[in-house]
Amino acid sequence: MGVNRQSPNWVLLSLMLVSVVAWLFLDALNVAPNRIVPGTPYTSLEVMGGWPALLLGLPLLGVAVLAWQPSRKGLQCSLAVVVAVLMLLPLWLAAATVGFVDADAPQARVGIGSALWLLLFLLLLAVIELRTRLGVSRAKGWLLFMPMLASWWLALTLWLEPLALVREYRVRSDQFASAVYTHLMLVGAAVGVSLLLAAVLVLVMRRQPAVRRIGFAALNFLQTIPSLALFGLLLAPLAWLGSRIDWLGNMGVSGIGWAPAFLALLGYSLLPMVRNIFVALEEVDAGVIESARGMGMSRRQVFVQVRLPLALPVVLEGVRITTIQAIGLTAVAALIGAGGLGTFIFQGLGQAAMDMVLLGALPIIALALVADALIGALSERLRLGGAQ
Amino acid sequence: MIELFDVTKRFGDETAVNAISLRVAKGELCALVGTSGCGKSTTLRMINRLIEHDGGEIHLDGEPVRSFDEVTLRRRIGYVIQSTGLFPHWTVSRNIGLVPRLLKWPKERVRDRVEELMQLLGLPVAEFADKYPRQLSGGQAQRVGVARALAADPDILLMDEPFGALDPITRATLQDEMRALQARLHKTIVFVTHDMDEALALADRLVVMHQGRIVQQGSPIDLLHEPANPFVESLLGGLDRGLKEAALIQVGERMLPFGPRLLASERIPYGASLSQALSVMLWHRVDRLTVVDEEDIPIGELSLRRLLGAKAP
Ligand SMILES: Nc1ncnc2c1ncn2[C@@H]1O[C@H](COP(=O)(O)OP(=O)(O)O)[C@@H](O)[C@H]1O
Ligand SMILES: [Mg+2]
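In this convention, every chain numbers its residues from 1, walking through the sequence in written order. Key to labels: chains lettered from A, ligands numbered from 1, both in the order written. Given that this is a predicted model, residues contribute local features only at a pLDDT of at least 70 and side-chain atom pairs are listed and counted only at 80 or more, while totals for whole chains, interfaces and linings are drawn from all residues.

Looking now at the packing of helix α7 (residues 164-171) of chain A against helix α16 (residues 354-383) of chain A. Residues and elements named next belong to chain A. At a closest axis distance of 9 Å, the pairing of α7 and α16 adopts a crossing angle of 75°. On the basis of their axis angle, the class for α7 and α16 is roughly perpendicular. Note on element contacts: α16 touches α7 through D355, M356, L358 and L359, opposite A164, L165, E168 and Y169. Considering only residue class, the contact of α7 with α16 consists of six nonpolar, no polar and two charged. Only C-alpha atoms enter the line fits that serve as axes; for helices the fit covers just the stretch in contact. Angles between N-to-C directions range over 0 to 180 degrees. We count a stretch as a helix when DSSP gives it H or I for four or more residues in a row; a strand needs E for two or more, and each element gets its number in order from the N terminus. Each angle gets one of four labels, with under 35 degrees taken as roughly parallel, over 145 as roughly antiparallel, 65 to 115 as roughly perpendicular, and the rest as oblique. For every residue pair, C-beta atoms are placed from the backbone, and the pair is scored as a contact if these atoms sit within 7 Å. Polar here means any residue other than Ala, Val, Leu, Ile, Met, Phe, Trp, Tyr, Cys and Pro, which are nonpolar, and Asp, Glu, Lys and Arg, which are charged; Gly is therefore polar.

What follows is the structure, given as C-alpha cells:
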C-alpha cells in the first residue's frame, strides 16, 4: 500500500484504450427505413452532435489513467465509473434512437453497431477484472450488474421500440416464449436424465473395473462424433421406431424433432457427467476414508456420510459444465426441428437478418451465464461445508 | 492384550510382513520402529482388519480378530493416523463424537463425553467445538484426532505416526501430553513411528522391524545396551546411544540427596534427564550440579561421577 510504485494494470489499461477507440471510430448505430433495405451506419460522433459521445468516452480515459498506477482507491473508483458508463449506454442509445427516427417512418429500425457491442463486451470484461482485483464476493459481484440491467430494462420498455432487435421480438413474442420453454425443457431433461444415468453408471464402474474401461472408451468415442453427424445417425433408427411402435410414435418420436435431439444431448452430457462424478468420488482424501473405516463406519456409512458429501461440490462442477454445454448444443438441435432458441439463429442466417440471429443468440448466452452463476454459487456453498 | 502369531501379509509377490510374532500386554505402549516401507503400517492395519492377514493369527484378549464382525471390532479400537483423517465437513465436536454416535449412545451422553475429551486434550470447548478441521493448526487437529480415537473409551489404541507431520516443538509437546495421558488411562497402545527418539521416550516395549520382519524387541534400555545387530545399533543412534540412554534416566535417580559442603553454582531440576544434566555441565564447564525440586529448593547434588553411574566417593 501507499509508497510503493505499483506496476500498471495492463489488462484494464488496454481494455479502456481499445474501448475508447472503438467507441469513437467504429459504427455505433445503423438506421434503416425498413427490414429489407440495408441501413446507413453512423459513428457515435455523428450522433447528437458528438458531445455526448465524447462525454461518455472521457471517464474511460480517466480509468485508463488510474490503471497506470492502480491503488485500491483507484480501482474502486474505476469500478464505479465502468458501472456508470454501462448504465449510461442504453440511455445514450435511447436518446439517439428517439432523435434519429422520425415519427413518420413507423417501419424504421435501429441496429446496434459494432462499436456498441464491442464497448459492452469490453466493459463487462473490465467489471470482471476489477471485481477479481478488489476481491468482491460472488454474490456482491452480481449486484454490480444490476444498475446496467435496470437501465436496459427502462430504455427497452420506454424508448427502444424502433430497435431492430425489439421489432424482431415483437412480431414473434409467442414463438419466442415457446422457444425459450422448449430450450429449457430439452436442457433440463438431458441434464437431469444424464445425471441419474451417470450416477448409476459410476456406481457400477466403481465395482467393476472391466465396465469402467469399456464405459469410458464408449463415452469418449461418442464425444468425438460431431453433433450434426450424431443427429444424422439417429435419424433412421428413430424414424423406424416411431413408425413401428405406436405409443412411441404418438409421443412424437420420429427421425426429426425432440427425440433425436434429446438422445444426442443425453449422449454428449453423459461423458462429462460420468467423468466428474467418478473423479469426485475417487478423489476424496484417502486418509479421511481410511480413518472413517478405521473408526468403524460401515461401507454404507462411509459412502453416505463421508464420500458423497465431500464429492458433491465436484459433482456439481460436472453438472455446471454439462448444463452450459447442453445449452449450446440445443441451439444446433434446431436444425433437426427440435425447436428452441436455435430456430431464430438458423432462420435469421437464412434470411440474412442479423437481428433475428441475435434474438436467438443473446438469450442463449444469458441462459448459459445464469446457469453458470447459479450452479457455481451452489457448489461454492457446499464446498464451504456449511462453515462461515 | 494383543498377540500376533507368525503373522504374514503379501501384496502380490511382495511380502510386506513376514511371519512376525508379538505380544503387547494390557496397559503397555509398544512402539513399532523401522525404516519406511518395512511393514509397520501394514502390521497396524491388520490388527483392526483394515488389511486382512494372509497367514498366522492375531488375537485380542485371547480371541482371534476374525471372530469379530469387522465394524464392531473397529469401534472397540481407537485409530489415529498421521494425516488425522478428520472429516473436513464436520465440526470438531461432531468429529470427536463419531464413534459414540455409531454406537448409538444417547445425545446427552455423547455431548458430555465430547466435552470431557476436549478438556482432557486441552481444547477449550467454547473455542473449538464449532470449528472446522481446516481452521485448526496441525497440533490442534492431531489433538482432535486423539480425542476422537478415545471417544468410546476403547481399551486398545492404534497410532500410525500420529505426530509425524508436526513441527519439532509441537511434536515434543504432544509427546509429553501423550505420556501423561497414558500414565492416567493405561491403554494398550501400538504406536508406529520412524522417529527413534519418540519411540524411546514413549515406549514400554520397543519393536524394531526391518523388511517385514522383527529384528529385535524389548525394553528401550535393553535394546540400547544390547542391540542385536549393527542395523539396530545404527537405528538406535550409533555413537549417540549413550546420550539416548541418558535421556531416559531422570536426574532424581542418580543424585545424592542432601548435598554436603557447598551448593554448586549451577542448578538442575530433579525431573530433568541425565543427558540434559550433562549438557548443562558441558556448557558451564562444571562437574557438579545442585538438584532442585519444583519450587527451586535444593534437594541434592549430582556430580559427574554419579552421572556416569559410579558409586559415591
Ligand atoms: N495396499 C497395498 N498394496 C500393495 N502394496 C502395499 C500396500 N500397502 C503397503 N504395501 C507395501 O508393503 C510394504 C510395507 O508398507 P507399509 O506397511 O506401509 O510400510 P511402513 O508403514 O513401515 O512405511 C511397502 O513396500 C508397501 O509398498
Ligand atoms: Mg507407514
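The discussion continues.
It is worth spelling out the domain arrangement of chain B at this point. Throughout the structure description, domain borders are defined by an automatic or database domain assignment. Here the domain parsing of chain B yields domain 1 (2-241) and domain 2 (249-307). Here the C-alpha centroids of domain 1 of chain B and domain 2 of chain B sit 35 Å apart.

When the parts come together, some accessible area is lost, and that loss is often what is quoted as the size of the interface. On the side of chain B, 16 residues touch chain A, which itself brings 15 residues to the contact. For the side of chain A that touches chain B, the elements supplying multiple residues, two or more each, are α13 (286-294) and α14 (299-333) of chain A. Among the elements that take part in the side of chain A that touches chain B, α13 of chain A stands out by supplying six residues, more than any other. A class-by-class count of the residues in the side of chain A that touches chain B yields seven nonpolar, six polar and two charged.

Of the residues in chain A, 95% reach a pLDDT of 70 or more, and the chain-wide mean stands at 84. Taking the mean pLDDT of every element in chain A, the minimum, 72, falls on helix α11 (residues 246-251) of chain A and the maximum, 95, on α13 of chain A. Residue-level confidence of the predictor, termed pLDDT, takes values from 0 up to 100.

As a further point, take the pairing of strand β8 (residues 188-192) of chain B. Residues and elements named next belong to chain B. Counting other C-beta atoms within 10 Å of each residue's C-beta, where C-beta atoms are placed from the backbone, gives the exposure class: buried for 20 or more, exposed for 12 or fewer, partly exposed between. Along β8, five of the five residues are buried, which leaves the element largely enclosed by surrounding structure. Residues T188, V190 and V192 line one face of β8 and the alternating positions I189 and F191 line the opposite face, and both faces are buried. Across four bridges, the pairing between strand β3 (residues 29-33) and β8 is parallel. By the bridge assignment for β8, L32 is matched with V192. By this definition, two strands are paired if DSSP reports at least two bridges between them. Sheet analysis places strand β7 (residues 156-160) next to β8, joined by five bridges and oriented parallel. Opposite M159, over in β8, you have F191 as the bridge partner. Throughout, right-handed denotes a crossover for which the path from the first strand over the helix to the second runs clockwise when the strands point away from the viewer. As for the winding sense of the linkage, the β-α-β connection from β7 through helix α8 (residues 168-185) to β8 is right-handed.

What follows deals with the site of ligand 1. Residues in contact with ligand 1, as listed here, are F11, A16, G34, S36, G37, C38, G39, K40, S41 and T42 of chain B. Grouping the constituent residues of the shell around ligand 1 by class yields three nonpolar, six polar and one charged. Near, as applied to residues and a molecule or strand, means the residue's backbone-placed C-beta atom lies within 6 Å of it.

Residues and elements named next belong to chain A. Partitioning chain A into domains gives domain 1 (10-167) and domain 2 (173-383). Of the residues lining the interface, five residues belong to domain 1; the matching set on domain 2 comes to six residues. Those elements that provide at least two residues to the side of domain 1 that touches domain 2 are α5 (138-143) and α7. Residue composition of the side of domain 1 that touches domain 2, by class: three nonpolar, one polar and one charged.

All names here are of chain B. The sheet built from four strands is open, its strands ordered β2-β1-β4-β5 with antiparallel pairing. Edge positions in the sheet fall to β2 (14-24) and β5 (63-64), since each has one partner strand and no second. Note: strand β4 (residues 55-60) against β5, two bridges, orientation antiparallel. Looking at β5, one finds that L60 is bridged to E63.

Residue and element names in this part refer to chain B. Here six strands make up an open sheet; going across it, the order is β6-β7-β8-β3-β9-β10 and the pairing mixed. Two strands lie at the open edges of the sheet, namely β6 (77-81) and β10 (213-218), each paired on one side alone. On average, adjacent strands in this sheet sit at an angle of 15° to one another, irrespective of strand direction. Its contacts with the sheet place helix α1 (residues 40-47) against β3, β7, β8 and β9 (205-210), and it is angled at close to 150° to β8.

Residue position: F221 of chain A is located in helix α9 (residues 209-224). On a C-alpha basis, the gap between F221 of chain A and L271 of chain A in space is 9.6 Å, while along the polypeptide they are 50 residues apart.

Residues enter a nonpolar core if they are buried, belong to Ala, Val, Leu, Ile, Met, Phe, Trp, Tyr or Cys, and are joined to the set through C-beta atoms within 7 Å. Ranked by size, the top nonpolar core spans 128 residues in total, and within it L265 of chain A together with A31 and V190 of chain B carry the most contacts. Apart from the residues within four sequence positions on either side, A31 of chain B is in contact with F191, T193, A199, L202, A203, L206 and V207 of chain B.

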